[in-house]
Number of protein chains: 4
Amino acid sequence: MSGSRNHRDSAAPSDRLTARSALASRFERIRTQTETLAQRLSAEDCALQSMPDASPVKWHLAHTTWFFETFVLLPQARDYTAFDPHFRVLFNSYYHGVGDKHPRPERGLLSRPDLATVYNYRAHVDRAMRTLLTRELEWEIVALILLGLHHEQQHQELILTDVKHLFSRNPLRPAYASRWPLLPVKPAALTWHRYEPGLTSIGHRGEGFGFDNEEPAHQAFIAPFALASRPVTHGEFAAFIADGGYRRPELWLSLGFDSVQAQPWQAPLYWEERDGRWWTFTLRGMAEIDPHAPVCHVSYFEADAYARWACARLPTEFEWEAAAREVTPEGNFVDSGVLHPLPSAGFANGSGPQQLYGDVWEWTSSSYAPYPGFRAAAGAVGEYNGKFMCNQYVLRGGSCATPASHIRATYRNFFPPEARWQFSGIRLARDV
Amino acid sequence: MSGSRNHRDSAAPSDRLTARSALASRFERIRTQTETLAQRLSAEDCALQSMPDASPVKWHLAHTTWFFETFVLLPQARDYTAFDPHFRVLFNSYYHGVGDKHPRPERGLLSRPDLATVYNYRAHVDRAMRTLLTRELEWEIVALILLGLHHEQQHQELILTDVKHLFSRNPLRPAYASRWPLLPVKPAALTWHRYEPGLTSIGHRGEGFGFDNEEPAHQAFIAPFALASRPVTHGEFAAFIADGGYRRPELWLSLGFDSVQAQPWQAPLYWEERDGRWWTFTLRGMAEIDPHAPVCHVSYFEADAYARWACARLPTEFEWEAAAREVTPEGNFVDSGVLHPLPSAGFANGSGPQQLYGDVWEWTSSSYAPYPGFRAAAGAVGEYNGKFMCNQYVLRGGSCATPASHIRATYRNFFPPEARWQFSGIRLARDV
Amino acid sequence: MSGSRNHRDSAAPSDRLTARSALASRFERIRTQTETLAQRLSAEDCALQSMPDASPVKWHLAHTTWFFETFVLLPQARDYTAFDPHFRVLFNSYYHGVGDKHPRPERGLLSRPDLATVYNYRAHVDRAMRTLLTRELEWEIVALILLGLHHEQQHQELILTDVKHLFSRNPLRPAYASRWPLLPVKPAALTWHRYEPGLTSIGHRGEGFGFDNEEPAHQAFIAPFALASRPVTHGEFAAFIADGGYRRPELWLSLGFDSVQAQPWQAPLYWEERDGRWWTFTLRGMAEIDPHAPVCHVSYFEADAYARWACARLPTEFEWEAAAREVTPEGNFVDSGVLHPLPSAGFANGSGPQQLYGDVWEWTSSSYAPYPGFRAAAGAVGEYNGKFMCNQYVLRGGSCATPASHIRATYRNFFPPEARWQFSGIRLARDV
Amino acid sequence: MSGSRNHRDSAAPSDRLTARSALASRFERIRTQTETLAQRLSAEDCALQSMPDASPVKWHLAHTTWFFETFVLLPQARDYTAFDPHFRVLFNSYYHGVGDKHPRPERGLLSRPDLATVYNYRAHVDRAMRTLLTRELEWEIVALILLGLHHEQQHQELILTDVKHLFSRNPLRPAYASRWPLLPVKPAALTWHRYEPGLTSIGHRGEGFGFDNEEPAHQAFIAPFALASRPVTHGEFAAFIADGGYRRPELWLSLGFDSVQAQPWQAPLYWEERDGRWWTFTLRGMAEIDPHAPVCHVSYFEADAYARWACARLPTEFEWEAAAREVTPEGNFVDSGVLHPLPSAGFANGSGPQQLYGDVWEWTSSSYAPYPGFRAAAGAVGEYNGKFMCNQYVLRGGSCATPASHIRATYRNFFPPEARWQFSGIRLARDV
């Protein structure tokens, strides 16, 4: 949780009223958006768990609600009654500070509470939240509500990636949404943008929301570097495969090549070879790969190996942030409704690198670590970010499954280097 | 599949008509019974899989249907169209002769086809079967239909044991059925019935249905032995626990004590200690153990260890069969609706051992092996039984989850020695 | 341990003296033979453990000594001092009754005590045993010493099979012994010997030594059957492989085919294909397979699948015993020094089936189970056999690594169905 | 491999002669030191492998020799004949560029070649190296020889840590060396040294040897911080344990607490509780912990949790290096012969932090990553460092098992966060 040190409210009463109503309407918008995403799914679709990393949609619906009940309503709304006391344990994700939790790999064993009950749970909590939001709230509570909303947006993205994974394990390969009429695009050549060396400020400075892991803002020295004008495409990655990329240990980190052999991996997640052509599973069903669209569902290991093959490297998260803050954060987010990365021509933001935002999360070479002076928030919400700062790598920029209002230049996403079920892709960098 | 060599139909036309209509009505009855069992369950309840050994209820509903489609309709009903060609693979359990199969541990990843579709599948196949059943059928086809019906009854039992396991993994401990008003009983003391030595005939002789593994009937020599008058009770087993039974390696088979330590086991499956008293999870929710009811959900290892502790042993399957064929096959089956073993007083069959049938499957000391001269049926249905004759132990007599019309003295059930999620219990024997 | 009920000594003093000196010289012979087998091995060879099932040779040398120290000397020789009190735990194999034991998979972590110390341990115990053997001993003690000697012979065989496994894991494929000049043989065609049905006596009757698992002798009814005239050969098994044997699920037990796919298996243990020809690793190094020699290092699963492919089956252990007791127990044992199975012509015992004894242990279809009335010996030695009677299959007849004086018609060896590192082969049977 | 860009030899002939003889004598010294370390061990001690992370001493003896044979002699010494062509695969650690390698977890399966043969291998290679070292060598070859010597020093440390682990798995707890007479010390209080913020140069600048992972030197900005005056002691760590440190999830990284529960961990590696006091296994046998000596054998997870408990943090590797380059690299290295960390009073280097060098490797909070502009060496030696830059953390300063001549301020050691068998300890830092 963040920003508590910079946001004290000293505004006039009318401003406060406006702020309150803005928060209330943001609450409605985001809560509704979650349910909209789940609307196309049956109770059965929402109940299953396809791997320990993924959760049932029903669990996402409940856990985001649990967050408001546990961290906002129970401590702050005096007359609030918990919807069901069992849910405190059942829908706790990983907060030791809240007490026991139901084991993550067993989230798919819960046919009860059923989906209808979980929607009732949402309604129950939403009602209480609406009442609370009419009150004048201290900044700490507003900050918790904002955190809860950003938290819910993270789970909106997970609803899509987790149901995609579930459907991919079904031999019927069901589609989450119907086919999209794609227009032909003129491919964009990959060029390089050069950046000068220097001391620069990294991290979130406290205007608007930021997670605690984006703070404190601090100085870092960046050597000169160049950044690719667009992400690596499906077609380029297919060339890497055709060149024996998955069989050449010299291209890989040692752990990466161990993964290649143990799994084994021969292509990004969801790719299938059919009569010598590559197809991939999308939220709109099986489709032949679009050679000009950014490659996605690659692990850090694959991103790193591709970069080595291409005589380049991944950017550090500081390089990425320095480049991205000069660019408007627009792109192909979940709001476009496409639900798949689009070729470069789709969105253009001026003369800088394209598609830094949206389409695919971009793996950086940076291990997920605390910024100098980092301090986790007090209480259980302090477990939000800090305790995961080990053996994970930072991704930047959001994807086609991220809400547009959720992203910013300083935003740090993170996953273990072997994770592939997110819309994770590759942006190249190089020394100059 | 069985009996093909002994059941040739040489009856008069009117007899054949009667037989046909008996088969048709048996078909209706058993197919309906399956759906009745599933009626209390939601689509979500039916979709989940709690362990690789258990299957989702939806899968049981579909697989039993697949059996008729694959082995009867597609080969025999010329104008029959498969409901969905994907189902050939999706709902194949283990028949290599039918081709590929969906991996068993992934049966719980199928939110599609949804439950409604599976019921449509059942209706589609039932319609075609009804038509077929009006035709004059060769004995081989009748035998396959009978096999399919007995097969479906086996899955009726699995629906109950699998959903019980699923619900037991849910911290809410949901009940499949509501509480049962239990009457107090006068406990029956354990006494011994003595049997004389001699050559005896073992196995199914071909009057009525029998599985191939019950054949051929053959001679076996049985030494004199005694059999306990009733199964071991929850109370007796609690005494074994209190006497350190799970901590004394000298009572256990070596593999059994390995299991005790690896799991670790401290009581039968579903038992929970609350304030120094034993409770157990039942299909009617959590309940304190009834000391006089037969213990269930014990592995072969626990049955064997208990017997050693009680200075007795498990009966061989031949001893069991010799005793059981003198007893009417009546007892507390699924038809009673109790869904849990009952104390001995509940059902009495004359002066012989009580409760040989129903209540709990009784572990025998016999490894599951072919009878002398055993020959599996030709074709894929030959995979029904024979290929599992390794590292499993025979259980006899049926349980409170078995349909009454499904059981007989020669019936051989079998599970690996570590299996506990069936209603498996203990009948003691000893040398005399 | 066996025979205690039948062997009471009521002989004259001079007879007793003879018996005592016979026991003493048997003790010397067997203890020396163990060390002779280990003589060709370095301290390093003796220290390593290649898998949890196998033990270091040094451990075998110590454990067989531990047996005499623990079960004979410490209880019986009043002035005996344990060589090293740590050894009680360190070299306990599986006797819970003796207390703690060093974990089996960690036997290869003991560089200390070194090999020289273990030889000192042997000498220390041998000295004390020699003294004891000059005393007049009660039958119970004689029986324990006999048990210890038969136990040591079992470990003599394991020294060979375990070091063979260890050497097979070394890319240098070292040889335990130098090459053997093999003579060309005329292959023996496989014919069938027929046996009549009837009640017969099975098990050890108490003349000479027998393990407890061979007792009590009891009646069994055997249906008519035929037994193959010799074991299946390497050449015949190669034909099974060439016919796709390892790829055809219909030939296998379900667990067997699971093993084939999981390992995966494509040939017996130690076979390697080189330029389209089969080679195998032997105690004399790599050699091309001899098509006429009995195949060895097959699991029960492979034996069973081969039999099905050959339209036959494995014999039951009762069938095997009924046939074998009519044959003189001679054959290619460890005493021949060949250390590998020989073609049928090598040894001939009259007109019955050849090679029932020696060459290869023959898998039977019988699960390892107690004979009717079986009772384990009192005390820790009661753990010798009984507690392993689960999920193992009986092998009969001894192998080229078994001491000739160790075998008899009633002898029951047993291994899990997936075990392959013993000299285990195939004898076919069939119904008639 | 490093320094190739900065070390070109433009010296006069006599200087070159001196340099050559210095290299030759360094070669002799380091090669001899390895054998001295192994001298106290038997052939059996040298053959065993106690876990996949550790290697048999014999393997270390051979692999360090393989390095010179493979990378120096075979390419450079025209008349050199490989000692045994099998060794190319057998003693390859992880160089894909050299071809196949024997699997790491199976290094303990090689009783052959025996220890004597490995010493012959060493002698064979040493002879050829001595001849080569009399020649005038190009810088690239000198650099490879230097790399080989530093590589061998790394394995000297591993010989000690690996044999310590092996002996710890033996219930006899054998000692590598005899007990050391320890003098009483006056404990040193922990104080803090403060460092000012600023841009500083990090990494090896090319005077003397450095590994490629220490290069290139580059600028980094360091915020103000304070560093503890000495490492955390055994006594301080015991207080952390007594305070429930291993049971309080809020002190741990999420992956760290997973390890605590899965292993489970209750103290550092090698600690054993005896009658309420902590003992630890040392290279000199079991000893009660010395409360004033630096704690060792802790994982990154334990170091991080301790720091959080102590309201401090681990230093970054840049902070550590900035502090360490102001201190003379002296300390308790393997050369002292103590083989265990010593209390702070043992060695003092002026007024700065004590014991930065020697005693224990100090975990830093820095993920092991390439320095900006890092480029791996060409050819197989390029696999030396770069491919391991993932999911490992940097340790600095050397330990009581590190050769003194092997360490420097820029030296980067690295291990996965769960590794404990190195002499790894804790230095605290904090923000100011």
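Residues numbered from 1 in each chain as written. Chains lettered and ligands numbered in written order. Predicted model: local features only at pLDDT ≥ 70, side-chain atom pairs only at ≥ 80, totals over all residues. Heavy atoms only, no water.

**A closer look at the packing of aromatic side chains**
Aromatic ring pairs are defined here through the distance separating the ring centres and the angle between the ring planes.
No. 1: Counting across every chain of the model gives 156 aromatic pairs over all chains.
No. 2: Between Phe87 of chain B and Tyr121 of chain B, the ring centres sit 4.9 Å apart and the planes meet at 75 degrees, which makes this aromatic pair edge-to-face. Remark: Tyr121 of chain B occurs in helix H5 (residues 115-134) and Phe87 of chain B occurs in helix H4 (residues 87-90); sequence separation between them is 34 residues. Summarising the burial analysis for this pair, Phe87 of chain B and Tyr121 of chain B share the class buried.
No. 3: Between Phe67 of chain C and Tyr384 of chain C the ring centres are 6.4 Å apart and the planes differ by 85 degrees, which places this aromatic pair in the edge-to-face class. With Phe67 of chain C in helix H3 (residues 57-76) and Tyr384 of chain C in the loop between strand E8 (361-367) and strand E9 (393-396), this pair connects stretches of sequence that are 317 residues apart. For the pair Phe67 of chain C and Tyr384 of chain C, a shared accessibility class is recorded, and that class is buried.
No. 4: Here the guanidinium or amino end of Arg430 of chain A rests over the ring plane of Trp192 of chain A, the centre of that ring lying 4.1 Å away. (Phe/Tyr/Trp six-rings, centres within 6.5 Å; stacked < 30°, edge-to-face > 60°. Helix = DSSP H or I, 4+ residues; strand = E, 2+ residues; numbered from the N terminus. Buried < 20%, exposed > 50% of the residue type's maximum accessible area, 1.4 Å probe, protein only. Lys NZ or Arg CZ within 6 Å of the ring centre and 35° of its normal.)

**A few points about the confidence of the model for chain A**
No. 1: Looking at chain A, the pLDDT average stands at 93 and 95% of residues meet or exceed 70.
No. 2: Both scores are available for the predicted complex, with the pTM at 0.95 and the ipTM at 0.94. (pLDDT = per-residue confidence, 0-100.)

**A few points about the sheet that holds strand E5 (residues 271-274) of chain C**
Residues and elements named next belong to chain C.
No. 1: Taken in spatial order, the three strands make up an open sheet running E5-E6-E7, and their pairing is antiparallel. Each of the sheet's edge strands pairs with one partner strand only, and the pair in question is E5 and strand E7 (285-288). Put simply, the sheet's adjacent strands are angled 35 degrees from each other on average, direction ignored.
No. 2: Pairing between strand E6 (residues 277-282) and E7: four bridges, direction antiparallel. Within E7, the residue paired with Phe281 across the bridge is Met286. (Pairing = 2+ DSSP bridges. Axes fitted to C-alpha atoms, helices over the stretch in contact; angles between N-to-C directions.)

**Some words on the relation of the copies chain D and chain C**
What relates the pair of chain copies is a rotation about an axis plus a shift along that axis.
No. 1: After a rotation of 180 degrees and a shift along the axis of 0.1 Å, chain D superposes on chain C with an RMSD of 0.0 Å. Here the two chains are linked by the operation of a two-fold rotation axis. Proximity to the rotation axis, assessed at the C-alpha, singles out Glu44 of chain D in chain D; its C-alpha lies 2.6 Å from the axis.
No. 2: Here 100% of the contact residues of chain D are again contact residues in chain C; the copies associate through an equivalent surface. (Least-squares fit on C-alpha atoms with pLDDT ≥ 70 in both. Contact = heavy atoms within 4.5 Å.)

**Observations regarding the side chain of Ser367 of chain B**
No. 1: Its place among the elements puts Ser367 of chain B in strand E8 (residues 361-367).
No. 2: Looking at Ser367 of chain B, the relative accessible area reads 14%, which means it is buried.
No. 3: A polar contact of 3.5 Å, which involves the side chain of Ser367 of chain B, links it to the side chain of Ser367 of chain C.
No. 4: Contacts of Ser367 of chain B, omitting those with residues within four sequence positions, involve Glu317, Gln392, Tyr393 and Val394 of chain B together with Ser367 and Tyr393 of chain C. (Polar contact = N/O pair within 3.5 Å; in protein donor to acceptor, adjacent residues only side chain to side chain.)

**Remarks on the relation of the copies chain A and chain B**
No. 1: The transform that puts chain A on chain B rotates by 180 degrees and translates by 0.1 Å along the axis, for an RMSD of 0.0 Å.
No. 2: Most of the interface of chain A is mirrored in chain B, where 100% of its interface residues again form contacts.

**Remarks on the interface of chain A and chain B**
Put simply, an interface is often sized by how much accessible area is lost when its parts join up.
No. 1: Contacts between the two partners involve 27 residues from chain A and, on the opposite side, 28 residues from chain B.
No. 2: Here chain A and chain B share six salt bridges between them.
No. 3: Across the salt bridge formed by Arg112 of chain A and Asp45 of chain B, the nearest N and O atoms sit 2.7 Å from each other.
No. 4: At the junction of chain A and chain B, the tally comes to twelve residue pairs in polar contact (both at pLDDT 80 or more).
No. 5: If you list the elements that add at least two residues to the side of chain A that touches chain B, you get helix H2 (43-47) and helix H6 (139-168) of chain A.
No. 6: Here the side of chain A that touches chain B is composed, by residue class, of 13 nonpolar, seven polar and seven charged. (Salt bridge = Lys/Arg side-chain N within 4 Å of Asp/Glu carboxyl O. Nonpolar A, V, L, I, M, F, W, Y, C, P; charged D, E, K, R; others polar.)

**Some details on the packing of helix H7 (residues 234-242) of chain C against helix H9 (residues 300-309) of chain C**
Residues and elements named next belong to chain C.
No. 1: Packing of H7 against H9 leaves a shortest axis separation of 11 Å and a crossing angle of 80 degrees. Put simply, H7 runs roughly perpendicular to H9. Side by side, H7 and H9 meet where Glu236, Phe237, Ala239 and Phe240 of the first sit next to Glu302, Ala305, Tyr306 and Trp309 of the second.
No. 2: When grouped by side-chain class, the residues that make up the contact of H7 with H9 number six nonpolar, no polar and two charged. (Parallel < 35°, antiparallel > 145°, perpendicular 65-115°, else oblique.)

**Let's talk about the interface of chain D and chain C**
No. 1: The interface is formed by 27 residues belonging to chain D together with 28 residues belonging to chain C.
No. 2: Carbon and sulfur atoms supply 58% of the area that chain D and chain C bury against each other, a total of about 2500 Å² over both sides.
No. 3: Area buried by chain D at its contact with chain C is led by Glu44, Leu109 and Arg112 of chain D, which between them contribute 30% of it.
No. 4: Viewed at the interface, chain C and chain D are joined by six salt bridges.
No. 5: Linking chain D with chain C are twelve residue pairs in polar contact (both at pLDDT 80 or more), by the criterion used here.
No. 6: Those elements that place two or more of their residues in the side of chain D that touches chain C are helix H2 (43-47) and helix H6 (139-168) of chain D.
No. 7: Tallied by class, the residues present in the side of chain D that touches chain C amount to 13 nonpolar, seven polar and seven charged. (Buried area = accessible area lost by both parts, 1.4 Å probe.)

**Quick notes on the arrangement of the chains**
No. 1: No part of chain A reaches chain C; the closest C-alpha pair between them is 14 Å apart.
No. 2: Kept free of each other, chain B and chain D leave a smallest C-alpha distance of 14 Å between them.

**Some points on the packing of helix H3 (residues 57-76) of chain D against H6 of chain D**
All names here are of chain D.
No. 1: Relative orientation of the contacting elements H3 and H6 amounts to 170 degrees, with a least axis distance of 9 Å. Taken together, the axes of H3 and H6 are roughly antiparallel relative to one another.
No. 2: The residue inventory of the contact of H3 with H6, partitioned by class, reads 14 nonpolar, seven polar and two charged.

**A short note on the domain arrangement of chain A**
All names here are of chain A.
No. 1: Looking at chain A, the domain boundaries give domain 1 (8-168) and domain 2 (192-431).
No. 2: Across the boundary between the two partners, domain 1 contributes 29 residues, which contact 28 residues of domain 2.
No. 3: Between domain 1 and domain 2, the buried area comes to about 2500 Å², and carbon and sulfur atoms account for 65% of it.
No. 4: Where domain 1 packs against domain 2, one counts zero salt bridges.
No. 5: In this structure, the connection of domain 1 to domain 2 is made through 17 residue pairs in polar contact (both at pLDDT 80 or more).
No. 6: Among the secondary structure elements, those contributing two or more residues to the side of domain 1 that touches domain 2 are helix H3 (57-76) and H6.
No. 7: Counting residues per element, the side of domain 1 that touches domain 2 draws most heavily on H6, which supplies 18 residues. (Domains from an automatic or database assignment.)

**Remarks on unusual backbone geometry**
Excluding glycine, residues mostly carry a negative phi; peptide bonds, for their part, are mostly trans.
No. 1: Going from Arg112 of chain B to Pro113 of chain B, the amide bond is cis rather than trans, its omega being -5 degrees.
No. 2: Take Pro113 of chain B: it is sitting in the loop between H4 and H5.
No. 3: Following Gln263 of chain D, the chain continues into Pro264 of chain D via a peptide bond in cis, with omega recorded as -20 degrees.
No. 4: Of note, Pro264 of chain D is situated in the loop between helix H8 (254-262) and strand E5 (271-274).

**A word on the nonpolar core**
No. 1: Counting 251 residues, the largest nonpolar core has Ile145 of chain A together with Ile145 of chain B as the members making the most contacts within it.
No. 2: Among residues more than four places away in sequence, those in contact with Ile145 of chain B are Leu23, Phe68, Val72, Met129, Leu132, Leu133 and Leu137 of chain B.
No. 3: Judged by nonpolar contacts, the second largest core, of 248 residues, contains Phe27, Ile30, Leu115 and Ala128 of chain C. (Core = buried A, V, L, I, M, F, W, Y, C linked by side-chain atoms within 4.5 Å.)

**Observations regarding the pairing of E5 of chain D**
Residue and element names in this part refer to chain D.
No. 1: Note that E5 and strand E6 (residues 277-282) share four bridges and pair antiparallel. Pairing of Trp271 across the sheet is with Thr280, part of E6.
No. 2: Following E5, the chain reverses through two residues before pairing antiparallel with E6; Asp275 in that reversal takes a positive phi of roughly 50 degrees.

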